[in-house]
Amino acid sequence: MKTRRIMGSVAATAALALVLTACTSGGGTNDDATAETTAAPTTEETSGGGSAEATDSCKADLGDVTTASDSISYSLGEDEWLGYNGNTPETYSTYNSVVNDRFQSGFTYFGTDGTICVDENIGNVELVSEEPMVVEYTINDDAVWSDGTPITYEDALFSWATQAISDGTDADGNPVPLFNYVGGLDLGDRTPAGPQGEPGSKSFTLEYSAPYPDYMISTLLQFPAHVAVEQAGMTLEDFVAAVQAKDVEALRPVAEFYNTGWLSPNPGQLPDPAIALSSGPYQLSSWEAGQSITLEPNPKWWGTPPATSTLVYRFAAPETQVQALQNGDLNIIEPQATVDTLSQIEAIGDSVSVLTGPSLTWEHLDFNFNSGVFADSLELRQAFAMCVPRQLIVDNLIKPIDPEAVVMNAREVFPFQPNYDAVVSASYDGRYDEVDIEGAKALIAEAGVTTPITVRIGYSAPNQRRTDEVALIKDSCDQAGFSIQDVGNDAFFDETLPNGDYEVALFAWAGSGQITSGQNIYSTTGGQNYGGFSNADVDAAWDRLSSTLDPAEQEKEIIEIETLLWDNLFGIPIFAHPGVVAYDSSIQNVRDTATQSTVAWNAEQWVRSS
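Since this is a predicted model, take the numbers as computed values, not measurements. (Residues numbered from 1 in each chain as written. Predicted model: local features only at pLDDT ≥ 70, side-chain atom pairs only at ≥ 80, totals over all residues. Heavy atoms only, no water.)

Draft legend 1. Spotlight on the packing of helix H10 (residues 390-398) against helix H13 (residues 464-477). In contact at an axis separation of 10 Å, H10 and H13 are set at 145° when each is read in the N-to-C sense. Relative to H13, H10 is oriented so that their crossing is right-handed. Counting all contacts with H10, which are made through Leu392, Ile393, Asn396, Leu397 and Ile398, the residues of H13 involved are Arg465, Asp468, Glu469, Leu472 and Ile473. Split into classes, the residues belonging to the contact of H10 with H13 amount to six nonpolar, one polar and three charged. (Axes fitted to C-alpha atoms, helices over the stretch in contact; angles between N-to-C directions. Helix = DSSP H or I, 4+ residues; strand = E, 2+ residues; numbered from the N terminus. Left-handed = near helix turned anticlockwise from the far one by under 90°. Contact = heavy atoms within 4.5 Å. Nonpolar A, V, L, I, M, F, W, Y, C, P; charged D, E, K, R; others polar.)

Structure below.
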């Protein structure tokens, strides 16, 4: 999953976690840790607009397309673009991916409800054997990077290496990744032999050591191998030999470039176009720090041409987006779904269309297990869960937008999914449904901790809805013996969360259609396990879930995981985000999505009606 600060595309045949979501807008970033195919209700179009005729949740077939000489601007938030390599822990966010996904392609993408769609522009993915599990990848014969270099087996090998090569072990004996990849070494663990193919070829296979349910999800062609090895002073032939031999010293210069050479530490300074190549319909054009980044058509793109020549992603704070839409400074927005925001959009009139619907993004409170009062005290975690007014939060802040909204009592399935009730009834007994101040007080007394107990709740600010959430929690939990402190700040994801300067973290994971991406969050060594939670039974259940293709076994393990996370109180789920998209009614083919991919998931199809 991604944190909507993101945690774009998900990992290469490995579960590239959920996306962190810094804001609360609906739609697609890690996150995705739900059912194999997510059955989200269709969105509701409340005014105007013309959508493409879509027969399913995948991208519509627009037929012959001639690129219109026009510009369309959109925004998800004010976060600055961080660089071409959006797969490092520091850059993996929805806000980075909304840009990068326009020029970095993969074999598959997520449809509007989490269905996995094959992108035939790129190639094909086929399960050719189940025992052993072997997957064959075929790259489109016409596929080239924007410098004209064919996309081949070496590019897949490079992506695999970034997720498979370790640089020794740490003090605890855990492997240390050579490449700074957010998903760790998961792909290498699952496919130890790596891609099998001929250098320069357009096809290869991966053999899995055990069945893996998310094998269809792949971004194995995300980065150009020939650029990385040239920057490292190697030849492709030497690189292939080094990867196959897992020669860490030979690969170290490649890793150094991967880790730093594709980042953009100086806002406004685009990377050299010779190294920031495109494999999609658009390519980077210009960047005005703090304002916008602009994309233009990739002249080497072999697939369906983009419908509009220029896409401008503006760094616009959520509170400014509605006015910018009304003024024409923005054409498409996916703002924070609040009552005030929706009312403001609807007041604009028929010149703006609105799409609403549930999303695979969900709000949660996570405990800090590395330090602080909750780290070693289940009683205090339970006491806090007893006083958090989840129903009041939903009633006051979410139901006015989505009358069907409910308190969310799971992490791997969503209230609108068909198996939600079965999973919740088998894993959660309702013990935290109602606020119980006296019960919380008793547990605090049992823990023997002097009150009031200071609890810093951190989140990415400014964010009015989260400020309101913390205020409601304070009103309730201070009565039980806690002293809630609102420590929301604009450096939450960059500093507060990684540094552990909180007792409770309030943010969201944005989902897609993956089954196993939550493993990166809840397992002991998961790259997105920011709070340091560790439970051997949870680890084992994730290992079982991630190695079966049987849907019944998958649900059994999800129930086990949910039960253990409730019993040990990893954190507290609150609600699934309602999604809101608003756009200029003259623009066609705007489609909302429940996944982390955001409304821009089909941006190459947007076009203004003539």
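Now that the structure has been shown, the text picks up again.
Draft legend 2. Main features of the confidence of the model for the chain. Looking at the chain as a whole, the pLDDT averages 90, with 91% of positions reaching at least 70. Note on residues 1-51: pLDDT is under 50 here. Beyond four places in sequence and across chains, it has 348 contacts. (pLDDT = per-residue confidence, 0-100.)

Draft legend 3. Seen up close, unusual backbone geometry. The omega torsion of the bond from Thr451 to Pro452 falls at 0°, within 30 degrees of zero and hence cis. Along the polypeptide, Pro452 turns up in the loop between helix H12 (437-447) and strand S17 (453-458). Of the consecutive residues Ala461 and Pro462, the connecting peptide bond is found in the cis state with omega at 5°. Relative to the assigned elements, Pro462 resides in the loop between S17 and H13. Positive phi, close to 50°, is recorded for Lys246, a residue that is not glycine. Relative to the helices and strands, Lys246 is located in the loop between helix H5 (236-245) and helix H6 (248-261). Of note, the phi angle at Leu569 is positive, near 55°, even though the residue is not glycine. As for its placement among the helices and strands, Leu569 is situated in the loop between helix H17 (551-568) and strand S20 (571-584).

Draft legend 4. How the structure looks around the pattern of salt bridges. Evaluation of the coordinates by the stated rule reveals 16 salt bridges. Put simply, Asp395 and Lys399 hold a salt bridge, and the shortest N to O gap is 3.8 Å. Lys399 gets classed as partly exposed once you look at its relative accessible area, which sits at 31%. Two residues, Glu438 and Lys441, come together in a salt bridge whose shortest N-O distance is 3.7 Å. Here Lys441 and Glu438 lie together in helix H12, a separation of three residues that amounts to about one turn. Look at Glu438 and you get exposed, because its relative accessible area is 55%. Among the ionic contacts, a cluster of salt bridges with common partners joins Asp70, Asp584 and Arg608. (Salt bridge = Lys/Arg side-chain N within 4 Å of Asp/Glu carboxyl O. Buried < 20%, exposed > 50% of the residue type's maximum accessible area, 1.4 Å probe, protein only.)

Draft legend 5. Inspection of the sheet that holds strand S7 (residues 123-130) at higher detail. The strand order across the open sheet formed by three strands is S7-S8-S11, and the pairing between neighbours is antiparallel. Edge strands, defined here as strands with exactly one partner in the open sheet, are S7 and strand S11 (203-208). The average angle at which neighbouring strand axes cross in this sheet is 20°, direction not considered. Where S7 lies against strand S8 (residues 133-139), seven bridges are found, and the strand directions are antiparallel. Of the residues in S8, the one forming a bridge with Leu127 is Val135. (Pairing = 2+ DSSP bridges.)

Draft legend 6. Quick peek at the nonpolar core. Counting 81 residues, the largest nonpolar core has Phe158, Phe239, Trp262, Ile332 and Trp606 as its most contacted members. If we ignore the near neighbours within four places in the chain, the residues touching Phe158 are Phe179, Phe223, Pro224, Ala225, Ala228, Phe239, Val254, Tyr258 and Trp262. (Core = buried A, V, L, I, M, F, W, Y, C linked by side-chain atoms within 4.5 Å.)

Draft legend 7. Highlighting the state of the cysteines. This structure, assessed with the given rule, holds two disulfides. Residue Cys58 pairs covalently with Cys117 via a disulfide, S to S 2.0 Å. On the sign convention where negative means left-handed, the S-S torsion of about -90° between Cys58 and Cys117 marks this disulfide as left-handed. Separated by 59 residues along the polypeptide, Cys58 in the loop between strand S3 (44-45) and strand S4 (68-75) and Cys117 in strand S6 (residues 116-118) bring together distant segments of the chain. For Cys58, a relative accessible area of 16% puts it in the buried group. (Disulfide = S-S within 2.5 Å.)

Draft legend 8. Looking closely at the packing of aromatic side chains. With the rule as written, the count across this model stands at 39 aromatic pairs. Summarising the aromatic geometry, the rings of Phe179 and Tyr258 are spaced 5.5 Å apart at their centres and angled 80° between planes, so their arrangement reads as edge-to-face. On the criterion of sequence distance, the pair formed by Phe179 in the loop between strand S10 (175-177) and helix H3 (186-190) and Tyr258 in helix H6 is long-range, its members being 79 residues apart. A relative accessible area of 0% means that Tyr258 is categorised as buried. The interplanar angle of 70° and the centroid separation of 5.3 Å between the aromatic rings of Phe369 and Phe533 together place this pair among those described as edge-to-face. Placement of Phe369 in the loop between strand S16 (352-367) and helix H9 (378-387) and of Phe533 in the loop between helix H15 (519-522) and helix H16 (536-545) is noted, with a sequence separation of 164 residues between them. Of the residues examined, Phe369 reaches a relative accessible area of 15% and is grouped as buried. Look at Phe533 and you get buried, because its relative accessible area is 3%. Of the aromatic side chains, those joined through ring pairs into one cluster are Tyr84, Phe103, Phe158, Phe179, Phe223, Phe239, Phe257, Tyr258 and Trp262. Positioned over the ring face of Tyr109 is Lys59, at 4.7 Å from the centre of the ring. (Phe/Tyr/Trp six-rings, centres within 6.5 Å; stacked < 30°, edge-to-face > 60°. Lys NZ or Arg CZ within 6 Å of the ring centre and 35° of its normal.)

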